[in-house]
2 protein chains.
Amino acid sequence: MSERLIYMPLGGAGEIGMNAYVYGYGQPGKERLIVVDLGVTFGDMDGSPGIDLIMADVAWLEENRDRIEGIFITHGHEDHVGAVGLLWSRLRAPIHCRRFTGALAAMKMDEAGQPSDVIRIHAPRPEVINAGPFQVQFVPISHSIPESAALIIDTPAGRVVHSGDFKLDGTPVVGEPFDPQVWHQIAQEKGIKALACDSTNIFSPHPGRSEALLAEPLAAFIKAQPNLVVTTTFASNVARLKTLAEAATAAGRKVCLLGRAMRKMVTAAVETGVLTDFPAVIGSDEAAELPRNQVMLIVTGSQGERRAATAQLARGRYLGLSLKEGDSFLFSSRTIPGNERGVIRIMNALSEKGVDVFDADDGFYHVSGHANRPDIEAVHDLLRPGIVIPMHGEHMHLRAHAKLAAEKGIASVVATNGTMVDLTGDRPVVVEHVETGRTYLDGNVLIGAMDGIVRDRIRMALNGHAMVSIIIDENDAPLPDAWVETMGLPERGRAGVPLVDHVESELADFLTRADDRLIGNDDKLEEAIRKITRQVSMEEIGKKPEVTVVISRLAAD
Amino acid sequence: MSERLIYMPLGGAGEIGMNAYVYGYGQPGKERLIVVDLGVTFGDMDGSPGIDLIMADVAWLEENRDRIEGIFITHGHEDHVGAVGLLWSRLRAPIHCRRFTGALAAMKMDEAGQPSDVIRIHAPRPEVINAGPFQVQFVPISHSIPESAALIIDTPAGRVVHSGDFKLDGTPVVGEPFDPQVWHQIAQEKGIKALACDSTNIFSPHPGRSEALLAEPLAAFIKAQPNLVVTTTFASNVARLKTLAEAATAAGRKVCLLGRAMRKMVTAAVETGVLTDFPAVIGSDEAAELPRNQVMLIVTGSQGERRAATAQLARGRYLGLSLKEGDSFLFSSRTIPGNERGVIRIMNALSEKGVDVFDADDGFYHVSGHANRPDIEAVHDLLRPGIVIPMHGEHMHLRAHAKLAAEKGIASVVATNGTMVDLTGDRPVVVEHVETGRTYLDGNVLIGAMDGIVRDRIRMALNGHAMVSIIIDENDAPLPDAWVETMGLPERGRAGVPLVDHVESELADFLTRADDRLIGNDDKLEEAIRKITRQVSMEEIGKKPEVTVVISRLAAD
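Residue positions are given per chain, counting from 1 as you read along its sequence in written order. By the order in which they are written, chains take letters starting at A while ligands take numbers starting at 1. The predicted origin of the model limits local features to residues at a pLDDT of at least 70 and limits the giving and counting of side-chain atom pairs to 80 or more, whereas totals for whole chains, interfaces and linings rest on all residues. To obtain the side-chain values, all non-hydrogen atoms of the structure were used and water was disregarded.

(A) Examining the relation of the copies chain A and chain B more closely. For the least-squares superposition of copies, only C-alpha atoms count, and only for residues with pLDDT at least 70 in both. Expressed as a screw operation, the relation of chain A to chain B combines 0.0 Å of axial shift with a rotation of 180 degrees, fitting to an RMSD of 0.1 Å. These values place the two chain copies in the arrangement generated by a two-fold rotation axis. Relative to the rotation axis, the C-alpha of Ala461 of chain A is the closest in chain A, positioned 2.7 Å from it. Residue contacts follow a heavy-atom distance rule, with two residues in contact if any of their heavy atoms lie within 4.5 Å. Of the interface residues in chain A, 100% have counterparts in chain B that sit at the interface too, so the contact is made through matching surfaces.

Encoded structure:
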């Protein structure tokens, strides 16, 4: 059978987050594989209560572990590197990345108790990494974290470009500018067979703006504030941290960084040499003692995270610092959809303290890290790929991106997680759908999204939970006193008596009447008890709770 | 003691939703009262899982029920009328409103099994309603539902205007236009002592736009679509329904209304005479049979509600209709903060069906029903009130509105729920803070937000739930077999053995060793069992679950 080049997303195509992409080359079913990115996304109360991190289900990769030549990480954002520590033991292939990304990946490996010496640090193009049939190069590209890279993936079937996350920024403040000459040359060397391309901002109609454009408005803003200024953004947006710190310095203020993630990121950036000339920072002690109009705090928690510095400052004191009437708080970030309520809650808490809150909605204090629609078009034009594969987007993003490609006469395909696409010919061909899904980190256990655990939590949250305990004596006769406890249910309902009393009395009636066959059958008895409990609850309080039944059978002495 | 005029919000001042305001006049503590609006807001998984409706806690009003002269409802939106049925039996005062609002209020009363004959229907100004020391007039004002009214509340201490929800729309398509002449006259008749004023859009810097401006862009949009067109908006936005239906008719399409709320609202609007000349509509059967490019559906569910028509169409068939590749879906509405994830989920589901989704972000297909900042300023200028009381807003809205008033030299106060303000003098004076909060409708029971019921549900959702059942025999000795069941927890943890086995074995050890004093004390025994269960779980799975312990003591024969 002839060899083929395949592409398959396991995460990131059908959502924004938890990126994980697979490329393969070889005979069908025997392709040698590389993995691009292993990221996470975050749980939420709506769909995954109690879940800290969500990542792609890598069961298919694990089954084919002996075929994996390497794992390539494009950049250090959580949605690209966050799962390496948690998933590596299932894949056990070398991890390839650039230096700064490597420092962050090493932290992830350490935290998960995995060996960080499997991480190989590479220089960008022209260095070529050989991985089975693939020759891979990291190509610097501008994004909102230093040392972001696109990948050139050369295969016997042609050259593939995997864009990673990117924007077209000629003056990105930190990190390498986007260089059209380099990309022109890459396309000249060899025609681009396929471009797998970031779709995040496909719905943003105007060309993206440079990070450098923020310096002046931010300095003017900070200068205009009468008291303490606090700003928040993503800790990983090292360029923004620098822009903010320099603006504060220009406005005659000392800068204090608050929040563990912030300090970790800046340390990693300084140590790996990607961040230079960062203004001197002061500690929280000194910040608390200086006059308020001489200080600016840069803090974590722009997305409303409950334990981050922003939330703590909104609630009260944090490391000896607290906010007061007349202070100013700037969100130099966009609120990710789904986080609005948490962010609004914090904004109102700040307002209650008399703090003036400013957001980035007007565009003066924030620019996106992703290419907008015209920028994406420009990259299509620059690379002239045979095929465009939209990635890094929800379904509607991928679909809009594929339509854009089609309008330009470029072959395209909407391939969501688990869709295997054959790229060997001139047009992409879907050849297989692999069973895929999500893996949750719950406490310190990895569980499947469909295991029913989270479904049960959601049900308890919506319906409450009733526990019924009954005892069958040594003679196989039920004791009539059923014991009912509830959690998350109103104490009293329509009848005015306690709900548990009412259920217990109905169950006592039932147990007294029940025949031996039913009493002897755990499953049927449990089902009958559950049904009565739900029915009585429905009548009393208008809700059917989840019910757990414990039947204890006393052994004859 | 001299008499005074007081204002106190119980809901709606500190959030957008569940409006409930109180005015009083008389000797302190003996003021005669009127209530303005009794609305609801909706629960969400984050803060109130399993809760259908949320309303103001009216305990204070209930205690002072004999002082209530009447309940005035400004308009028929859920956040103003939604709680009348649920709360009326606690207040038992006559309900005053205009005809259309009254029709909606009557439905609420019926649904809650309350008498709808306590509803008094009034004509707008110049009709005056006497309510103790108050003379109240309904003044037509433009908003996104017909027969919206502001209230003129004349008191011995002067004239108060309660704006209700409003925008300045001279051509509102349905309902009465905003008439500056009328308001000029109202201010001329008597100086305005205080204006309690809608703050929803205080952060929108540009003047609001008229409903009538949507007709052309909507007709052009509909005309341009090749297949079936579906649009969604709030059912209560009767003007928008008309705008949409007329645009569809202009584009040569038949209109079909889907969703119970939509049909209910249109029926009420037609029956009360507020809606005339609505284009003829067809049923879903006929809609399914006509060519797709000759039909437009107007459907419920613009906020992503799971059971509404939009969500059902996104999932599959609804009343024999289903969506296909090339159909178009327009959200002619704004997504309320907090609903983003649900709306995005539906947009992606539509995208998967090949449906082109359009939202109202660009402003061509939606206008807000609330006054923007310049409009609010215009009303300040028109009425020249002595005091501005910002209402209908989160804390940050109220604060920004109060600042705006202060900049114009108008006395103002940020009064959140439970804050009693004395309006008798030239400046507002906070005189009392009344204990207040939120009441939840849970199933068919009203519970307090702070009762701990919902807190327990959230904890079960985050932490899972373990149930432990132990039995103490006739001789006060524990049976060593503790029985553990879990819900919402991973089955196995670090050690690889089932979590429940591990907990049961640790509990058996404990019960064997426990001394008689501990075994004899339910509270201490329960606490010890809970602690062991949480500890073992933490070691095994990295989570501390909620624990319910059931101790059954066998009686000696």
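Right, picking up where we left off after that structure.
(B) Molecular detail of the packing of aromatic side chains. Residues and elements named next belong to chain B. Within 6.5 Å between ring centres, the rings of Phe, Tyr and Trp (the latter by its six-membered ring) count as paired, and their orientation is classed by plane angle as stacked under 30 degrees, edge-to-face over 60, tilted in between. Taken as a whole, this structure holds 14 aromatic pairs over all chains when the rule is applied. For the ring pair Phe221 and Tyr365, a centre distance of 5.1 Å and an interplane angle of 50 degrees mean the geometry is tilted. Of this pair, Phe221 sits in helix α6 (residues 215-224) while Tyr365 sits in the loop between β18 (356-358) and α12 (373-383), and the two are 144 residues apart along the sequence. For the pair shown, Phe221 and Tyr365 are each scored as buried. An angle of 55 degrees between the planes, with centres 6.3 Å apart, marks the rings of Phe364 and Tyr365 as tilted. Of the residues examined, Phe364 reaches a relative accessible area of 48% and is grouped as partly exposed. Comment: elements are numbered from the N terminus, with helices defined as DSSP H or I runs of at least four residues and strands as E runs of at least two. The buried label applies to any residue whose accessible area, calculated with a 1.4 Å probe on protein chains only, is under 20% of its type's maximum; exposed applies above 50%, and partly exposed to all values in between.

(C) Local environment of the environment of Val547 of chain B. Residue and element names in this part refer to chain B. Along the chain, the position of Val547 falls in strand β27 (residues 546-553). For the pair Val547 and Thr486, spaced 61 residues apart in sequence, the C-alpha to C-alpha distance is 9.1 Å. Setting aside anything within four residues of it in sequence, one finds Val547 in contact with His465, Ala466, Val468, Arg530, Thr533 and Arg534.

(D) Main features of the sheet that holds strand β20 (residues 411-412) of chain A. Residue and element names in this part refer to chain A. What the seven strands build is an open sheet, ordered β9-β10-β11-β12-β13-β19-β20; its pairing is mixed. What marks the edges here is a single partner per strand, and that holds for β9 (129-131) and β20. Packed on one face of the sheet, helix α12 (residues 373-383) meets β12 (158-162), β13 (192-198) and β19 (387-391) and runs near 165 degrees to β13. The strands touched by helix α13 (residues 395-407) are β13, β19 and β20; relative to β19, the strand with the most contacts, the crossing angle is about 160 degrees. A pair of strands is labelled paired if DSSP reports no fewer than 2 bridges between them. Convention adopted: a line fitted to C-alpha atoms gives each axis, helices being fitted over their contacting stretch, and angles between N-to-C directions are expressed from 0 to 180 degrees.

(E) Structural context of the sheet that holds strand β24 (residues 445-448) of chain B. Residues and elements named next belong to chain B. Ordered in space as β4-β5-β23-β24, the four strands form an open sheet in which the pairing is antiparallel. What marks the edges here is a single partner per strand, and that holds for β4 (40-42) and β24. Taken over all neighbouring pairs, the strand axes of this sheet differ in orientation by 35 degrees on average, direction set aside. Its contacts with the sheet put helix α3 (residues 84-91) on β5 (53-56), β23 (438-442) and β24, and the angle it makes with β5 is roughly 35 degrees.

(F) Molecular detail of the interface of chain A and chain B. With 63 residues of chain A at the contact, the number on the chain B side is 63 residues. Taking both sides of the interface into account, the surface hidden between chain A and chain B amounts to around 5500 Å²; carbon and sulfur atoms contribute 58%. The largest per-residue losses of area from chain A upon contact with chain B belong to Met45, Arg341 and Met487 of chain A, which jointly make up 13% of the total buried on that side. Criterion for a salt bridge: a side-chain nitrogen of Lys or Arg within 4 Å of a carboxyl oxygen of Asp or Glu. The tally of links from chain A across to chain B stands at ten salt bridges. For Lys543 of chain B, the salt bridge is made with Asp442 of chain A, and the minimal N-O distance between the two is 2.7 Å. Of all the elements in the fold, those that place two or more residues in the side of chain A that touches chain B are α11 (340-352), α13, β24 (445-448), α14 (453-463), β25 (465-472), β26 (483-487), α17 (522-541) and β27 (546-553) of chain A. Once two parts are put together, the accessible area they lose, assessed with a 1.4 Å probe and summed over both, is termed the buried area.

(G) Local environment of unusual backbone geometry. Here the amide bond leading from Arg125 of chain A into Pro126 of chain A is cis, since omega sits at 20 degrees, within 30 degrees of zero. By the secondary structure assignment, Pro126 of chain A is in the loop between β8 (119-121) and β9. Of note in this structure, Asp277 of chain A is not a glycine but carries a positive phi near 60 degrees. Among the secondary structure elements, Asp277 of chain A is positioned in the loop between α8 (260-271) and α9 (284-289). Notably, Asp476 of chain B is not glycine yet its phi reads approximately 60 degrees, a positive angle. One can find Asp476 of chain B in the loop between β25 (465-472) and β26 (483-487).

(H) Up close: α14 of chain A. Among all positions of α14 of chain A, only Ile453, Val454, Asp456, Arg457, Ile458, Met460 and Ala461 of chain A are buried. Looking one or two places after α14 of chain A, you find Gly464 of chain A, whose phi comes out positive at around 75 degrees.

(I) Quick look at the pairing of β24 of chain B. Residue and element names in this part refer to chain B. Of the two faces of β24, the one lined by Val445 and Ile447 is fully buried and the one lined by Leu446 and Gly448 carries no buried residue. Where β23 meets β24, four bridges bridge the pair, whose relative direction is antiparallel. Following the sheet pairing, Tyr440 is matched in β24 by Ile447.

(J) Just the pattern of salt bridges, in detail. All names here are of chain B. As enumerated under the stated definition, the model contains 54 salt bridges over all chains in all. For the salt bridge of Arg32 with Glu69, the shortest nitrogen-to-oxygen distance reads 2.7 Å. Remark: Glu69 occurs in strand β6 (residues 68-72) and Arg32 occurs in strand β3 (residues 32-36); sequence separation between them is 37 residues. With relative accessibility at 29%, the residue Arg32 sits in the partly exposed group. Judged by relative accessible area, which is 22%, Glu69 ranks as partly exposed. The partner of Glu526 in a salt bridge is Arg530, and the shortest N-O contact between them spans 3.3 Å.

(K) Representation of the side chain of His392 of chain B in the model. Within the secondary structure, His392 of chain B sits in the loop between β19 (387-391) and α13 (395-407). By relative accessible area, which is 2% here, His392 of chain B ends up buried.

(L) Examining the packing of helix α3 (residues 84-91) of chain A against helix α4 (residues 99-111) of chain A more closely. Residues and elements named next belong to chain A. Put simply, α3 and α4 touch, their axes get as near as 7 Å, and they point 75 degrees apart. By the angle between their axes, α3 is roughly perpendicular relative to α4. Residues Val84, Gly85 and Trp88 of α3 form the contact with α4, whose own contacting residues are Ala105, Lys108 and Met109. Taken together, the residues that form the contact of α3 with α4 break down as four nonpolar, one polar and one charged. If an angle is under 35 degrees, it is roughly parallel; if it is over 145, roughly antiparallel; if it lies from 65 to 115, roughly perpendicular; otherwise it is oblique. Side-chain classes follow a simple rule in which Ala, Val, Leu, Ile, Met, Phe, Trp, Tyr, Cys and Pro form the nonpolar group, Asp, Glu, Lys and Arg form the charged group, and the remainder, Gly included, forms the polar group.

(M) Spatial organisation of the nonpolar core. Core analysis: the largest hydrophobic core is formed by 140 residues, its most contacted members being Leu38, Leu61 and Ile95 of chain A together with Leu38, Leu61 and Ile95 of chain B. Not counting the four nearest positions on each side in its chain, Leu61 of chain A is found in contact with Leu10, Val22, Leu33, Val35, Ile68 and Leu91 of chain A. Take the buried Ala, Val, Leu, Ile, Met, Phe, Trp, Tyr and Cys residues and link them wherever side-chain atoms come within 4.5 Å; each set so joined is a nonpolar core.

(N) Inspection of helix α5 (residues 180-189) of chain B at higher detail. All names here are of chain B. Of all the positions in α5, only Trp183, Ile186 and Ala187 are classed as buried. An end-on view of α5 places all buried positions within 95 degrees of arc, on one side of the element. Exposed residues on α5 whose side chains face more than 90 degrees from its buried face are Gln181 and Gln188. Whenever two N or O atoms come within 3.5 Å, that pair is a polar contact, provided that in protein one can donate a hydrogen and the other can accept it, and provided that, for residues adjacent in sequence, both atoms are side-chain atoms. Two or three places before Gln181, at the opening of α5, Asp179 has a side-chain oxygen 2.9 Å from that residue's backbone nitrogen. The directions from the helix axis to the C-beta atoms are what the arc is built from.

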